[in-house]
Amino acid sequence: MAFNPLRIDSNGEPSPAYRLGRPSRSIPAYKEVSDEALAILQEWHDETTEQVKAAAERKARLEELDKSEEAQQAREQMRRSIAW
Amino acid sequence: MTITIPQSEIDAHKHKFTLKTHKVKRPTRSDPAYANVPDRTLAAAQFAWDEAKEADAKHQAFAAEGVVRRAEAEAARRAQQREQDAQRQAAADAKLLEPAWRAFQSAGGTAEAFEKIKPQVLEAARLKAATDAASGAADQMQPKPGNLGRF
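Cut-offs and rules
Residues numbered from 1 in each chain as written. Chains lettered and ligands numbered in written order. Predicted model: local features only at pLDDT ≥ 70, side-chain atom pairs only at ≥ 80, totals over all residues. Heavy atoms only, no water. Helix = DSSP H or I, 4+ residues; strand = E, 2+ residues; numbered from the N terminus. Buried < 20%, exposed > 50% of the residue type's maximum accessible area, 1.4 Å probe, protein only. Contact = heavy atoms within 4.5 Å. Axes fitted to C-alpha atoms, helices over the stretch in contact; angles between N-to-C directions. Parallel < 35°, antiparallel > 145°, perpendicular 65-115°, else oblique. Left-handed = near helix turned anticlockwise from the far one by under 90°. Nonpolar A, V, L, I, M, F, W, Y, C, P; charged D, E, K, R; others polar. Phe/Tyr/Trp six-rings, centres within 6.5 Å; stacked < 30°, edge-to-face > 60°. 1 Å grid on protein atoms, 1.4 Å probe; cavity = no way out; pocket = protein on both sides within 12 Å on 5 of 7 lines; lining within 4 Å. Points joined across faces, edges and corners; volume = space filled by probe spheres on them. Core = buried A, V, L, I, M, F, W, Y, C linked by side-chain atoms within 4.5 Å. Buried area = accessible area lost by both parts, 1.4 Å probe. Salt bridge = Lys/Arg side-chain N within 4 Å of Asp/Glu carboxyl O. Polar contact = N/O pair within 3.5 Å; in protein donor to acceptor, adjacent residues only side chain to side chain.

*Asks:* What is the right way to look at the environment of Gln46(B) in this model?
*Replies:* Residues and elements named next belong to chain B. Within the secondary structure, Gln46 is located in helix H2 (residues 39-106). Classification of Gln46 by relative accessible area gives buried; the value is 18%. In this structure, the C-alpha to C-alpha distance between Gln46 and Arg26, residues 20 residues apart in sequence, is 6.3 Å. Dropping the residues within four chain positions of it, Gln46 is found in contact with Arg26, Pro27 and Thr28.

*Asks:* Just to check I follow, could you spell out the packing of helix H1 (residues 7-14) of chain B against H2(B) for this structure?
*Replies:* Residue and element names in this part refer to chain B. One way to put it is that H1 packs onto H2 with a least axis distance of 8 Å and a crossing angle of 70 degrees. Comparing their axes, H2 and H1 come out roughly perpendicular. Here H1 and H2 pass one another in a crossing that is right-handed. Residues Gln7, Glu9, Ile10, Asp11, His13 and Lys14 of H1 touch H2, and the partners they reach there are Arg40, Thr41, Ala44, Ala45, Phe47, Ala48 and Glu51. The residue makeup of the contact of H1 with H2, split by class, is five nonpolar, three polar and five charged.

*Asks:* For this particular structure, what's the right way to read the packing of aromatic side chains?
*Replies:* Think of a pair of aromatic rings as described by two things: how far the centres are apart, and how the planes are tilted against each other in angle. Residue and element names in this part refer to chain B. One pass over the full model with this rule turns up two aromatic pairs over all chains. Considering the side-chain rings of Trp101 and Phe114, the 5.2 Å spacing of their centres and the 50 degrees angle between planes classify their relative orientation as tilted. A residue pair is termed long-range when its members are at least 10 positions apart, and Trp101 in helix H2 and Phe114 in helix H3 (residues 111-141) qualify at 13 residues. Phe114 gets classed as buried once you look at its relative accessible area, which sits at 6%. Note on Phe104 and Phe114: the rings are 5.3 Å apart at their centroids and 50 degrees apart in plane angle, and the pair reads as tilted. You can see Phe104 sitting in helix H2 and its partner Phe114 sitting in helix H3, a full ten residues away along the chain. Grouped by ring-pair contacts, the aromatic residues Trp101, Phe104 and Phe114 constitute a single cluster.

*Asks:* Would you explain the layout of surface pockets in this entry?
*Replies:* Regions of empty space are outlined by a rolling probe, equal in size to a water molecule, passed over the atoms. Residue and element names in this part refer to chain A. Size it by volume and the largest pocket reaches roughly 260 Å³. Lining the largest pocket are 14 residues, and of these Asp9, Glu13, Pro14, Ser15 and Pro16 lie nearest its centre. Residue composition of the lining of the largest pocket, by class: four nonpolar, four polar and six charged. Quantified by volume, the second largest pocket comes out at close to 170 Å³. Classifying every residue of the lining of the second largest pocket by side-chain character gives six nonpolar, one polar and one charged.

*Asks:* Would you mind showing me how to read the nonpolar core here?
*Replies:* Core analysis: the largest hydrophobic core is formed by 17 residues, its most contacted members being Ala17(A), Tyr30(A), Val33(A), Leu41(A) and Trp44(A). Secondary structure elements with two or more residues in this core: helix H1 (35-66) of chain A together with H2 of chain B. Here this core gets six residues from one element, more than from any other, and that element is H2(B). Leave out the neighbours within four places in its chain, and Ala17(A) touches Leu6(A), Tyr30(A), Gln60(B), Ala63(B), Ala64(B) and Val67(B).

*Asks:* What am I meant to see in the interface of chain B and chain A here?
*Replies:* The accessible area lost on association of the parts is a frequent measure of interface size. Taken together, the 15 residues of chain B in the interface contact 20 residues of chain A. Summing both partners gives a buried area of about 1600 Å² for chain B against chain A, and 64% of it is carried by carbon and sulfur. For the chain B face of the interface with chain A, the top three residues by lost area are Gln60(B), Val67(B) and Arg78(B), together amounting to 31%. At the boundary of chain B with chain A, the tally comes to three salt bridges. Between Glu36(A) and Arg82(B) there is a salt bridge, with its nearest N and O atoms 2.9 Å apart. Along the contact surface separating chain B from chain A lie six residue pairs in polar contact (both at pLDDT 80 or more). Class assignment for the residues of the side of chain B that touches chain A results in six nonpolar, three polar and six charged.

So this is what it looks like as structure tokens:
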């Protein structure tokens, strides 16, 4: 698998070019690109979309966990131990 | 009346919007953070957002140029790979066809006639090669005196 330059970086953000949308000839930046390169760009975009979805799901799960009773108890315990 | 806001006042707001205009909305009075600020502050924040938006668009276009260059390079790499694969396949086919061509030629066949039947001959030759390979492998797996078979 070739390196995907649109992929999510260590900050959890895809390349700014990802925000242009799924590559197509109607997007000025991709107007002159060759057919095969356009297909590759679409492949990279779709792969990144999967990564973005997976990252959003992970974030939602973590936020859900953070609201749980156990997490609140752990935070309370930590707060007490620091106060002590 | 037009308010002229010094660039330094605009720059003071920039950190909130730089590379974030896709996530952070342009400041307005309906935004709670700007509901009660002086007109001048809101205007400075709006100028800062507009400038950040312009910079973001440039950044995006620049990133897209880089991504396009990489996609073209990848397309060239894949085309080269396909070419190499086709050459390898052609060489393997030529090797498979060689005995059939010699037999056809010695029976009085012409190169032109051979070209016409080549696809069928190639298919038969591939099938024969696959059958030979499979029967050879099966033969090696058979237990023989002195060994218990290969697997």
